[in-house]
Amino acid sequence: MSARRPTMGLEPRYQHDCDACVFVAHYKGYDVWDPVHEESGSLVARTSSEGPDYQSGERVLLSYAGGEEWLSHDDLPGLRARVERILREPELIAAIRAAGGHPAPKARLSDLSDSLDL
Ligand SMILES: [Zn+2]
């Protein structure tokens, strides 16, 4: 099992090819970026460092092992806070797992924040 790093979820896992975007959080397998330079109320959700491996728009459909979830630009401030809350409360992660709220109980702890649904 990998050690849980305090920065898990709060730093990008993938390279993003635009220096003007602001990173929001790593959530459910996606690096979420706020393209503030576009002033369009959109977001970017990246799934690898490969240039084309991202979605963007006013809303993006995140797909992950346990289901899917729409994320909109309006969700971005709350998303950062949500990930920070998860990271500060490991007992919360344990409680959710115990309640069966996690779709992949055998997932490494370092990947848990990807799948939590709070
Ligand atoms: Zn950008």
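A brief structural summary. The model shown is predicted, which means the values in this text are computed figures rather than measured ones. (Residues numbered from 1 in each chain as written. Predicted model: local features only at pLDDT ≥ 70, side-chain atom pairs only at ≥ 80, totals over all residues.)

1. Topic: the overall build of the protein chain
Move 1: Per the secondary structure count, the protein chain includes three helices and six strands.
Move 2: Overall, the protein chain shows an N-to-C arrangement of helices and strands of β-β-β-β-β-β-α-α-α.
Move 3: Residues counted as buried form 22% of the 118 residues belonging to the protein chain.
Move 4: For the protein chain, restricting intrachain contacts to residue pairs at least 6 apart in sequence, the fraction spanning at least 24 positions comes to 44%. (Helix = DSSP H or I, 4+ residues; strand = E, 2+ residues; numbered from the N terminus. Buried ≥ 20, exposed ≤ 12 C-beta atoms within 10 Å, placed from the backbone. Contact = placed C-beta atoms within 7 Å.)

2. Notes on the environment of Gly57
Move 1: Along the chain, the position of Gly57 falls in strand β4 (residues 54-57).
Move 2: The spacing of Gly57 and His73 is 16 residues in sequence and 8.4 Å in space, taken between C-alpha atoms.

3. Let's talk about the sheet that holds strand β2 (residues 30-34)
Move 1: In spatial order, the strands read β1-β2-β3-β4; together these four strands make up an open sheet with antiparallel pairing. The open sheet has two edge strands, β1 (22-27) and β4, and neither has a second partner. Along the sheet, successive strands turn relative to each other by an average axial angle of 20 degrees, direction set aside.
Move 2: Strand direction decides the pairing type here: strand β3 (residues 43-46) and β4, joined by four bridges, are antiparallel. Directly across from Arg46, in β4, lies its bridge partner Tyr54.
Move 3: Helix α1 (residues 76-88) rests against β1, β2 and β3 of the sheet, and its axis sits at about 50 degrees to β1. (Pairing = 2+ DSSP bridges. Axes fitted to C-alpha atoms, helices over the stretch in contact; angles between N-to-C directions.)

4. Some details on the pairing of strand β6 (residues 67-72)
Move 1: As paired strands, strand β5 (residues 59-64) and β6 are joined by six bridges and run antiparallel to one another. Bridge assignment links Leu61 to a residue of β6, and that residue is Trp70.
Move 2: Hairpin connection, β5 to β6: the antiparallel pair is bridged by two residues.

5. A word on the nonpolar core
Move 1: In terms of nonpolar packing, the biggest core is built from 15 residues, with Ala25, Tyr27, Val32, Trp33, Leu43, Ala45 and Leu79 touching the most fellow members.
Move 2: Elements supplying a minimum of two residues to this core: β1, β2, β3 and α1. (Core = buried A, V, L, I, M, F, W, Y, C linked by C-beta atoms within 7 Å.)

6. Some details on the environment of Asp31
Move 1: By the secondary structure assignment, Asp31 is in strand β2.
Move 2: Residue classification places Asp31 among the buried residues on the basis of 24 C-beta atoms within 10 Å.
Move 3: The residues touching Asp31, leaving out its near neighbours within four places in the chain, are Pro12, Arg13, Tyr14, His16, Phe23, His26 and Arg46.

7. A word on unusual backbone geometry
Move 1: Its identity as a non-glycine residue notwithstanding, Lys28 has a phi of 50 degrees, on the positive side.
Move 2: Mapped onto the secondary structure, Lys28 falls in the loop between β1 and β2.

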